[in-house]
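# Analysis of the macromolecular model
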Amino acid sequence: MGVADMEAGGGLWDGLLSATEGCGPLLQRDYWAVIDRCGCSPSELMELVALRFAEFAPEELVVFEPERERDEPLEPGDELQVHIRGAGTFRVRIIHRDRQSLTLATRPGHPEAGRITFGAYRNERGDVIFHIRSRARSGSRVKYLGFRTGGEAMQTNTWTDFVNAVALTVGEGVIGFLHAETTVMEEAHESADDVRGPTFLARGDES
């Protein structure tokens, strides 16, 4: 389903499970690393992620399946089925893509309510950084309680493995260690959040 289909049958953001509909605190989770000897620019890295997204997820934890077969990068309006170990099968939709980032949002029934952005940029030394940031609540009270008993560790393992897989594909792994941080969003930050846009802006394609 592409942007044209979305416009014909409803808005790109219709039928999503936004963070405002979830349960529990709004959490911002960041997973990022500096890539050692990265062989491509940030925009080239993100083109690869959009083209081969499902390949970077650890299949023992989660499997992504595009709803249509094609050898083209994911674009806004496209949807993926998500098979999460021990939780079931759900759907997400791409709601934003630019040269340096890709953002997915959850559909009703997903364990989480919110969105997640994958982006690449350079630090002051010119090294390429691959960064994932989600902003979400649990999809319901039941899922919130379940997430606290084991889902959080699984999510951290999923996205740190994703970062590491990307780093090993475009470079020689990560420099130092892989960062994983969780922040509770304050009310002022939450009210200013753009739920239709990326969770962060990836800028600075050239060194």
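Residues numbered from 1 in each chain as written. Predicted model: local features only at pLDDT ≥ 70, side-chain atom pairs only at ≥ 80, totals over all residues. Heavy atoms only, no water.

### Quick look at the packing of aromatic side chains
Per the stated rule, a full pass over the model turns up 10 aromatic pairs. Note on F118 and W159: the rings are 5.3 Å apart at their centroids and 70° apart in plane angle, and the pair reads as edge-to-face. Linking F118 in strand β6 (residues 112–122) with W159 in helix α3 (residues 141–170), this pair joins segments that are 41 residues apart in sequence. One exposure class covers both F118 and W159, and it is buried. An angle of 20° between the planes, with centres 6.2 Å apart, marks the rings of F130 and F162 as stacked. Here the residue F130 occupies a position in strand β7 (residues 128–138), and F162 occupies one in helix α3, the gap between them amounting to 32 residues. In this structure, F130 and F162 share a single accessibility class: buried. (Phe/Tyr/Trp six-rings, centres within 6.5 Å; stacked < 30°, edge-to-face > 60°. Helix = DSSP H or I, 4+ residues; strand = E, 2+ residues; numbered from the N terminus. Buried < 20%, exposed > 50% of the residue type's maximum accessible area, 1.4 Å probe, protein only.)

### Considerations on the sheet that holds β7
The strands making up a sheet associate through backbone hydrogen bonding, with each pair oriented either parallel or antiparallel. Overall, antiparallel pairing links the 8 strands, which are arranged β2-β3-β4-β5-β6-β7-β1-β8 in an open sheet. Taken across any chain shown, the strands that pair with only one partner, and hence form the sheet edges, are β2 (62–66) and β8 (174–184). Ignoring which end each strand starts from, the neighbouring axes of this sheet average 20° apart. With 5 bridges connecting them, β2 and strand β3 (residues 79–84) associate as antiparallel partners. Opposite F64, over in β3, you have V82 as the bridge partner. Relative to the sheet, helix α2 (residues 42–52) contacts β1 (23–35), β4 (88–98), β5 (101–106), β6 and β7, its axis offset from that of β6 by approximately 140°. (Pairing = 2+ DSSP bridges. Axes fitted to C-alpha atoms, helices over the stretch in contact; angles between N-to-C directions. Contact = heavy atoms within 4.5 Å.)

Distances and angles like these do not, on their own, reveal function.
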